[in-house]
Amino acid sequence: QEIVYQFRCLLDGNEKFIWLQAAAELNRLAEESAVSIIGSAGSAAVATKKLFVLPSIGGGGKANDTALRYAEWARLVDQEKTVSGVNFCVKTTVFDALDDESDRYDSTRLIKIVPSYAYRNRRMTEKELFKEMATNSENWEDFRQKTVGDRDEEMIGSLHAEVLACYGLPKLDKFTNTDAVCYFVCGPYAFATDVIDGFCSPVWPSKSRRACIFPLFYAYQELYVGVFDDDGAGQNDDFAGRVVVDVSRLRPNSEYDVYLPLRLYRNTYVKQPRGVIHLRLRVEWHNEKKAVMSYLKLPQKTKQLGNAVTLNCADLKAFRNVVLTVQGKDVPGRWKQLVQKGVQREMKLYKTVMQTTMKEQMKSIVLWVHPTTSFPIFLAWMHCVYSNSLHYVPVYFILGIIIILVENYQTFAMNRNTNAGFIPITIPEMLKALILGGPNSSYIQPISIMPQAEIAKSLTKSEDELDQAALTDQVLDGAGIRMDGDHLEFPFSEAGRYPKKTLAEACVDASTLFEDDDDDDDGKSSGKLATLKKMARPANMKSLLMMNRDDGEDEDEAELGLDDRLVDDIAEKAVEITEKGLEVAEKATEIVTETATELLNRPTPQSKDANRVNTPTSTKKKSILTRKSTKESTVDSRDKSSTPEQLWKRVKDPRGLPEQDASVFVKSRKTLKEELIHNKNLLHKMSNRMFDDRMFIVNEEDPGYNENEELVLNNAIGTNKHKNPMVAKMAEYIAPALECVKVGLSVWRAGFNLFTWSDPFLTFLFLCGSICLLCILIIFPWRIFFFLMGVGALGPQNYFVGKVVSKKKKKDPSPPVEATSPKRENRKGEVSEEFEFHNHLLTHGGVDLREEKSAKTTSSVHRAIVPTSPLISRRFFDWPPNPSLSKVEVCSK
């Protein structure tokens, strides 16, 4: 039996001729002439041994020309009038036919693979590129052996993260496609992938830089993934979107292959497509018991930074990308009209929902709509009345919380409509891990989930081999599953009105799958480029740029009616006039002050009419003297006052009591802006910085520290980036006020997520604590407790305690002076040995340049804060992923 081998040459030119020549030298030529096959269409149709697979011998066009050219090469080699048994495919694919579903992935159109250092002069078809992407990554960046600063925490697990592809990213540059790069942030570590140039649906092959391993110190850590359009060194990258994955939602020894829609904002709901990211994740716990108990401690407190977890960045570009990845585009402290609307509407939503829910619940309880709820409440009420005591009120209150948690466990955690099959860790598993867990324990079992699209196709086409690339294309074209239900997108989101986006809806243009925008050989353009050319018409260009641009200040100013050029010119003139007016006013004030001083210091003339009063001159001098005395009383109101000295001693504030006379001008202790910022910081302090909105920390001991570091970092992020001066002035007051409101919303979201099992570990510990508290309250001796509290707080022994304290105060010992170690001075360019940093320029031609860059770019350290809190305070739920393509496989240990 004859064996026919088929080869496809990846490069055009003489390579096919070389294969033919090699076949001739090895005597692998058959008996029939190549020329006779080419010359006769009939003989080609009936030939059993063929040298070529020709699309149309009798036709014309480019395909026939290519076939005849290869036939001529074969004739030069075939000196013995024989035919090769090797089948060379020279089929020329017409790119306009790619819209046909059957030919889309079976075509021979070749794509140049990037990055070029890993795939030099390599081309693949779309189907081959998809298979190459799905293989295991060859290069991993391992952060488990690296330390950061003065932190020395125990590692309890590790997170393996890979980015495989992105689909339907927005075109963020005006003239070029998206040059995609992904940023991973987890704890004090960050990772940047290779840049895939010129694709709105980029793919990271297995040999590229795309995979990393993060150490885990707490089970409540989060993985932040941001996608950017790289604009080169020294330029700010355009932000495409971000996703957040809670590590606590991942089961150990399970490989999650998930598709997640990107979001532009952290807390502002905007139904706008930003693309889809394809991730592969795996978590491993070294000790499951420590993973559960890690919620009972905060990040390690350091001397320099406290409990804040910071990521050291070596340049401003990396710092900006890390902050946007963690915080989203609505960074704290930056006012935008869109963000303000989002906050207002979220508050209205919570207010309306809570009012309606409370009325409905009270009505259902009173009218016994649900007897299973009304009857226990009635029994509890009657029991408190029968016992004639409030002793059981807190007991029944805690019991009600436990019942709500158990009901929500079935509604949110175990309901397939809510978790989409990605079942979180169950209560029995966490209980076993907490009681019996230890090193290398495996009480938390892995799961296995097949994509719903693959299941549906296997039912209809089970005899054929399933093509994952074709399934992905079908889902991104709109054949995916829509996840619609209450509380899936954000708290109190209604089913039908705010469903989670399908993968097709999340893509800006789902037809961009693996299609570059280069022109074809025949001058025709296909895919995304043709779409963009169509969108580039005058009627559509404005909408295209408004949809995908990264800067939204003009959009906000347009809502205020301030984006016209005429208004901008008027505003600039107004600023100039105001500045000139202030200069004139200052000069006039100086002149008046000097004149009044001269008049007051001039000696009073002695005249015969000394007893005459109320003359114009004396009246003028008296008024000046009165104003001067009033001014002196205003300035020295803190020092010279009629308030008894004994009262001032009782006030600890060195500024004293506030002035009550309304006719006296008193300079404000704090401006309105300072008061708003103070109240915001006070709220964060009261919440123990669980909802910290700080984006960075400026440490005086860092290398290259300067006084303007905070201003430089704010400018890099764009906190004060407003083109219109009126908008910039409004933002100074509105932004701190919005941050105060956001603290309250964060508390509300954290409570909602706690009761709905968004974090199974945290809610499980809260449930266990509630059960323990219930048992304590049942047997708690309230009478003895209040007796001891009354004696301790109001007992007569406090009289003698007061005497002792007053005697110690009279001695007034000087407070001990703490020995402060001299600050470490870092010269410019000097980097501490323990300093690990993240730099945006990681590789060049596959070579890691971070050590080389450290000597040049780390003259200053920028510490970006990574929120690390047990409470989930963000608004949106990126998990669970869409089950159309996402899957989970069990990993072998």
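Fair warning: this is a prediction, and the values are worked out from it, not measured in the lab. (Residues numbered from 1 in each chain as written. Predicted model: local features only at pLDDT ≥ 70, side-chain atom pairs only at ≥ 80, totals over all residues. Heavy atoms only, no water.)

Low pLDDT marks regions whose predicted coordinates should not be analysed in detail. When pLDDT is averaged along the chain, the result is 74; 63% of the residues meet or exceed 70. Counting interchain partners and residues more than four positions distant, the pLDDT-below-50 stretch residues 83–107 has 83 contacts. Contacts for the low-pLDDT stretch residues 510–568, under 50 throughout, to residues beyond four places or in other chains number 112 contacts. (pLDDT = per-residue confidence, 0-100. Contact = heavy atoms within 4.5 Å.)

Interhelical geometry of helix α22 (residues 672–686) versus helix α24 (residues 725–755) gives an angle of 20° and a closest axis separation of 9 Å. Taken together, the axes of α22 and α24 are roughly parallel relative to one another. As for how α22 packs across α24, the hand of that crossing is left-handed. Taken together, the residues of α24 that come into contact with α22 (itself represented by Leu672, Lys673, Leu676, Ile677, Asn679, Lys680, Leu683 and His684) are Glu732, Tyr733, Pro736, Ala737, Glu739, Cys740 and Val743. (Axes fitted to C-alpha atoms, helices over the stretch in contact; angles between N-to-C directions. Helix = DSSP H or I, 4+ residues; strand = E, 2+ residues; numbered from the N terminus. Parallel < 35°, antiparallel > 145°, perpendicular 65-115°, else oblique. Left-handed = near helix turned anticlockwise from the far one by under 90°.)

This structure, assessed with the given rule, holds 31 aromatic pairs. Between Phe490 and Phe876, the aromatic rings sit 6.3 Å apart at their centres with planes inclined by 80°, giving edge-to-face as the arrangement. Taken together, the residues Phe490 in the loop between α14 (468–479) and α15 (503–506) and Phe876 in the loop between β19 (862–865) and β20 (887–890) connect sequence positions 386 residues apart. Among the residues examined, Phe490 registers a relative accessible area of 2% and is labelled buried. Residue class for Phe876 comes out buried when judged on its relative accessible area of 4%. (Phe/Tyr/Trp six-rings, centres within 6.5 Å; stacked < 30°, edge-to-face > 60°. Buried < 20%, exposed > 50% of the residue type's maximum accessible area, 1.4 Å probe, protein only.)

Right, let's talk about a nonpolar patch on the surface for a bit. Where nonpolar side chains cluster on the molecular surface, the patch consists of Trp368, Phe375, Phe378, Leu379, Trp381, Met382 and Val385 and spans about 740 Å² of accessible area. Within the secondary structure, Trp368 sits in the loop between α8 (337–366) and α9 (371–387). For Trp368, a relative accessible area of 39% gives the class partly exposed. (Patch = residues over 30% accessible without salt bridge, like charges linked within 9 Å, V, L, I, M, F, W, Y side chains within 5 Å. Areas by Shrake-Rupley, 256 points an atom, 1.4 Å probe, with all protein chains shown as cover. Salt bridge = Lys/Arg side-chain N within 4 Å of Asp/Glu carboxyl O.)

Attention shifts here to the pairing of strand β8 (residues 180–186). Of all 7 residues making up β8, 7 are buried, and the element is well covered by its neighbours. Burial along β8 is two-sided: the residues Ala180, Cys182, Phe184 and Cys186 and Val181, Tyr183 and Val185 are all buried. Sheet analysis places β8 next to strand β11 (residues 222–229), joined by 6 bridges and oriented antiparallel. Across the sheet, Val181 pairs through a bridge with Phe228, a residue of β11. Of the pairings in the sheet, the one linking β8 to strand β9 (residues 189–192) comprises 4 bridges and is antiparallel in character. Paired with Cys186 across the two strands is Tyr189, which belongs to β9. If you look at the hairpin formed by β8 and β9, you'll find 2 residues sitting between the two strands, and Gly187 has a positive phi there, around 65°. (Pairing = 2+ DSSP bridges.)

Let us look at the pattern of salt bridges. Taken as a whole and assessed by the stated rule, the structure comprises 25 salt bridges. A salt bridge links Lys500 to Glu489; the nearest nitrogen and oxygen atoms lie 4.0 Å apart. One end of the pair, Lys500, is in the loop between α14 and α15; the other, Glu489, is in the loop between α14 and α15, with 11 residues separating them in the sequence. With a relative accessible area of 7%, Lys500 lands in the buried category. The residue Lys680 makes a salt bridge to Asp693 at a minimum N-O spacing of 3.5 Å.

Here we come to the nonpolar core. Formed by 74 residues in total, the largest nonpolar core has its most connected members in Leu159, Phe184, Phe214, Leu223, Tyr256, Ile277 and Leu279. Contacts of Leu279, omitting those with residues within four sequence positions, involve Glu162, Val163, Phe184, Val225, Val243, Tyr256, Asp257, Val258 and Leu260. Ala192, Val244, Leu264 and Met695 belong to the second largest nonpolar core, which has 26 residues in total. (Core = buried A, V, L, I, M, F, W, Y, C linked by side-chain atoms within 4.5 Å.)

A separate point is unusual backbone geometry. Omega for the peptide link from Val114 to Pro115 comes to 5°, which places this bond in the cis form. Position of Pro115 relative to the elements: it lies in the loop between β4 (111–112) and β5 (123–124). In this structure, Pro880 follows Trp879 across a cis peptide bond, with omega equal to 5°. Mapped onto the secondary structure, Pro880 falls in the loop between β19 and β20. Not every positive phi belongs to a glycine, and Asn388 is a case in point at roughly 55°. Turning to its location among the elements, Asn388 is positioned in the loop between α9 and α10 (393–413).

On to the sheet that holds strand β7 (residues 157–167), then. Ordered in space as β6-β10-β7-β14-β13-β20, the 6 strands form an open sheet in which the pairing is mixed. Only two strands of the sheet have a single neighbouring strand rather than two, namely β6 (140–142) and β20. In this sheet, neighbouring strand axes are inclined to one another by 20° on average, regardless of whether the strands run parallel or antiparallel. Where β6 lies against strand β10 (residues 211–216), 3 bridges are found, and the strand directions are parallel. If you follow Trp140 over to β10, its bridge partner there is Ala211. Helix-sheet contacts for helix α5 (residues 126–134) involve β7 and β14 (276–285), and the interaxial angle to β7 is about 170°.

Moving on: α24. The end-to-end C-alpha distance of α24 is 44 Å, a good match for the 45 Å that 31 residues give at a rise of 1.5 Å each. A maximum bend of about 35° is found in α24 at Ala731. Two or three places before Met726, at the opening of α24, Asn724 has a side-chain oxygen 2.9 Å from that residue's backbone nitrogen. Trp757 sits one or two positions beyond α24 and adopts a positive phi of about 60°. (Expected span 1.5 Å × (residues − 1). Bend = angle between axes of the 7 residues up to and from the residue. Polar contact = N/O pair within 3.5 Å; in protein donor to acceptor, adjacent residues only side chain to side chain.)

Before going further, it helps to spend a moment on the environment of Lys457. By the secondary structure assignment, Lys457 is in helix α13 (residues 452–460). For the pair Lys457 and Leu471, spaced 14 residues apart in sequence, the C-alpha to C-alpha distance is 8.4 Å.

With respect to the helices and strands, Met730 occurs in helix α24. A residue is classified by how much of its surface remains accessible, and Met730, at 34% relative accessible area, is partly exposed. Put simply, Met730 and Trp335 are 395 residues apart on the chain and 8.6 Å apart in space, counted from C-alpha to C-alpha.

A separate point is the side chain of Arg266. One can find Arg266 in the loop between β13 (254–261) and β14. Buried charge Arg266 goes without a salt bridge, the closest partner of opposite sign being Glu222 at 6.2 Å. (Lys, Arg positive; Asp, Glu negative; His and termini not counted.)

So, about the sheet that holds strand β12 (residues 238–246). Pairing in this open sheet of 4 strands is antiparallel, and the strands run β9-β8-β11-β12 from one edge to the other. Each edge of the open sheet is held by one strand with a lone partner, namely β9 and β12. Shown here is a sheet whose adjacent strand axes are inclined to one another by a mean of 15°, direction ignored. The pairing of β11 with β12 spans 8 bridges and is antiparallel. Counted as the bridge partner of Asp229 is Asp238 from β12.

What follows deals with a positive patch on the surface. There is a patch of like positive charges on the surface, built from Lys803, Lys807, Lys808, Lys810 and Lys811. Position of Lys810 relative to the elements: it lies in helix α27 (residues 797–811). Under the relative-accessibility criterion, Lys810 is labelled exposed at 73%. (Charge placed at Lys NZ, Arg CZ, Asp CG, Glu CD.)

Applying the stated criterion across every chain yields a total of 0 disulfides. For the unlinked cysteine Cys182, the closest cysteine sulfur is that of Cys166, found at 4.3 Å. The thiol of Cys507 is unpaired, and the distance to the nearest cysteine sulfur, on Cys166, comes to 9.7 Å. (Disulfide = S-S within 2.5 Å.)

Below, the discussion takes up the pairing of β10. The buried fraction of β10 is high, at 6 of 6 residues. Burial along β10 is two-sided: Ala211, Ile213 and Pro215 and Cys212, Phe214 and Leu216, pointing in opposite directions, are all buried. Across 6 bridges, β7 lies against β10 in antiparallel orientation. Residue Ser158 lies in a different strand from β10, and its bridge partner there is Pro215.

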